[in-house]
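# Geometric and topological summary
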Amino acid sequence: MFWGWPLIATKFVPYLQSFSILQSTFGQLDLLLGFSVLNVVALLVFTVLIFTVSYFFLIILTSILLVPLLNPIIRKLYFPNLTENSELTFFDSLKNSVVSVAIYFGLLIVLSPILIFVPLGQVLVPYFLNAHLARRVFPYDVLQSYATASEFERFMLKEKQSLWTLALLTGGYFYVPILNLLAAPLAALAFVIFSMGKIDEYRR
């Protein structure tokens, strides 16, 4: 942020001011309020994007590195009867992650006008995008070694609403000071317990 803000202030904001509609809109506000509103908006959007991208990478890294470590521990503690299965492959997991990332950035581009110009869009857009990413990435990585293809398909269809609820609830961790440092691992832990619990329930 320290490195990027001068670039935003000296390069990006003057570029935006070259558009007549923005210049007329924000010019009046600047005269009325006595400071550059466009500078404040640009700083806010830049800050939100920094945190959004940071959380995005935390979700991906947690999914790749932490979930495989959590899986055997949670299974041993809470679901000892859950047997392993190899129908879901690493290639499919990688494909799922790549598609999820592509959708994430596609939606980020499409929703960028809301992110920039709509009040509270700077909070709501990243919140729903990160929830969507967690909902798509974590279940596959959790169940890759345990669920059959049919079980996973059933899980994703039957638990669609529950996965959204879980993703939105755990996504709220990111907005709680101090707790946000552990947001991605806490979300992963919730998805591990929920996903394994459902597969174990299906098999009873």
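Residues numbered from 1 in each chain as written. Predicted model: local features only at pLDDT ≥ 70, side-chain atom pairs only at ≥ 80, totals over all residues. Heavy atoms only, no water.

### Regarding the packing of helix 7 (residues 149–158) against helix 9 (residues 183–202)
As a reminder of what qualifies: For helices, the fitted line uses only the C-alpha atoms of the stretch in contact; every axis is such a line through C-alpha atoms, and the angle between N-to-C directions lies from 0 to 180 degrees. Helix numbers and strand numbers start at the N terminus; a helix is a DSSP run of H or I with at least 4 residues, a strand a run of E with at least 2. For classification purposes, an angle smaller than 35 degrees is called roughly parallel, one larger than 145 roughly antiparallel, one from 65 to 115 roughly perpendicular, and anything else oblique. Each crossing gets its handedness from the near helix: less than a right angle anticlockwise from the far helix is left-handed, clockwise is right-handed. Here a residue-residue contact requires only that any non-hydrogen atoms of the pair lie within 4.5 Å. Here the nonpolar group is Ala, Val, Leu, Ile, Met, Phe, Trp, Tyr, Cys and Pro; Asp, Glu, Lys and Arg are the charged ones; every other residue, Gly included, is treated as polar.
At their nearest, the axes of helix 7 and helix 9 sit 11 Å apart, and the two run at 115° to each other. In this view, helix 7 runs roughly perpendicular relative to helix 9, as classed from their interaxial angle. Of the two elements, helix 7 crosses helix 9, and the hand of that crossing is right-handed. Here E151, R154, F155 and K158 of helix 7 lie close against helix 9, whose contacting residues are F194, S195, K198, I199 and Y202. Partitioned by chemical class, the residues of the contact of helix 7 with helix 9 number four nonpolar, one polar and four charged.

### Remarks on unusual backbone geometry
Note on backbone geometry: most residues besides glycine have negative phi, and most peptide bonds are trans. Phi at I178 takes a positive value of approximately 75°, unusual for a residue other than glycine. Within the fold, I178 resides in the loop between helix 8 (160–171) and helix 9.

### Re helix 4 (residues 90–110)
Filter applied, for reference: The span expected for a helix works out to 1.5 Å for each residue beyond the first. Each residue is placed in one exposure class: buried if its accessible area under a 1.4 Å probe, protein chains only, is under 20% of its type's maximum, exposed if it is over 50%, and partly exposed if it falls in between. By construction, the arc corresponds to the directions joining the helix axis to the C-beta atoms.
With 21 residues, helix 4 ought to run about 30 Å at 1.5 Å a step, and its terminal C-alpha atoms sit 30 Å apart, in line with that. Looking at helix 4, one finds that the buried residues are S93, N96, S97, S100, Y104 and L108. Within helix 4, the buried residues cover an arc of 100° as seen down the axis, which keeps them to one side. What points out from helix 4, more than 90 degrees from its buried face, is the exposed set F91, K95, V98, A102, I109 and V110.

### Overview of the layout of surface pockets
Taking a probe equal in size to a water molecule and rolling it over the atoms shows the remaining empty space. Going by this rule: Whether a set of points on the 1 Å grid over the protein atoms alone is a cavity depends on a 1.4 Å probe fitting there but being unable to get out, while an open set qualifies as a pocket with protein on both sides within 12 Å along at least five of seven lines; lining residues are those with an atom within 4 Å of a point. Grid points are joined across faces, edges and corners, and a volume is the space filled by probe spheres set on the points.
Considered as a void within the structure, the second largest pocket measures approximately 280 Å³ in volume. Around the second largest pocket, the lining is made up of 14 residues, and of these I64, F90, S93, S97 and D141 lie nearest the centre. When residues of the lining of the second largest pocket are traced back to their parent elements, those giving at least two are helix 3 (37–78) and helix 4. By residue number, the principal contributor to the lining of the second largest pocket is helix 4, which donates six residues. Classifying every residue of the lining of the second largest pocket gives seven nonpolar, six polar and one charged.

### Observations regarding the nonpolar core
Threshold: What we call a nonpolar core is a set of buried Ala, Val, Leu, Ile, Met, Phe, Trp, Tyr and Cys residues that are connected through their side-chain atoms within 4.5 Å.
Within the largest apolar cluster, 41 residues are counted, with the highest numbers of intra-cluster contacts made by F138 and M196. Elements with a minimum of two residues in this core: helix 3, helix 4, helix 6 (121–143), helix 7, helix 8 and helix 9. When residues no more than four places from it in sequence are discounted, the contact partners of M196 are N71, I74, R75, F79, L82, V142, L143 and Y146. By size, the runner-up hydrophobic cluster in this structure holds six residues, among which are V13, L16, A42 and F46.

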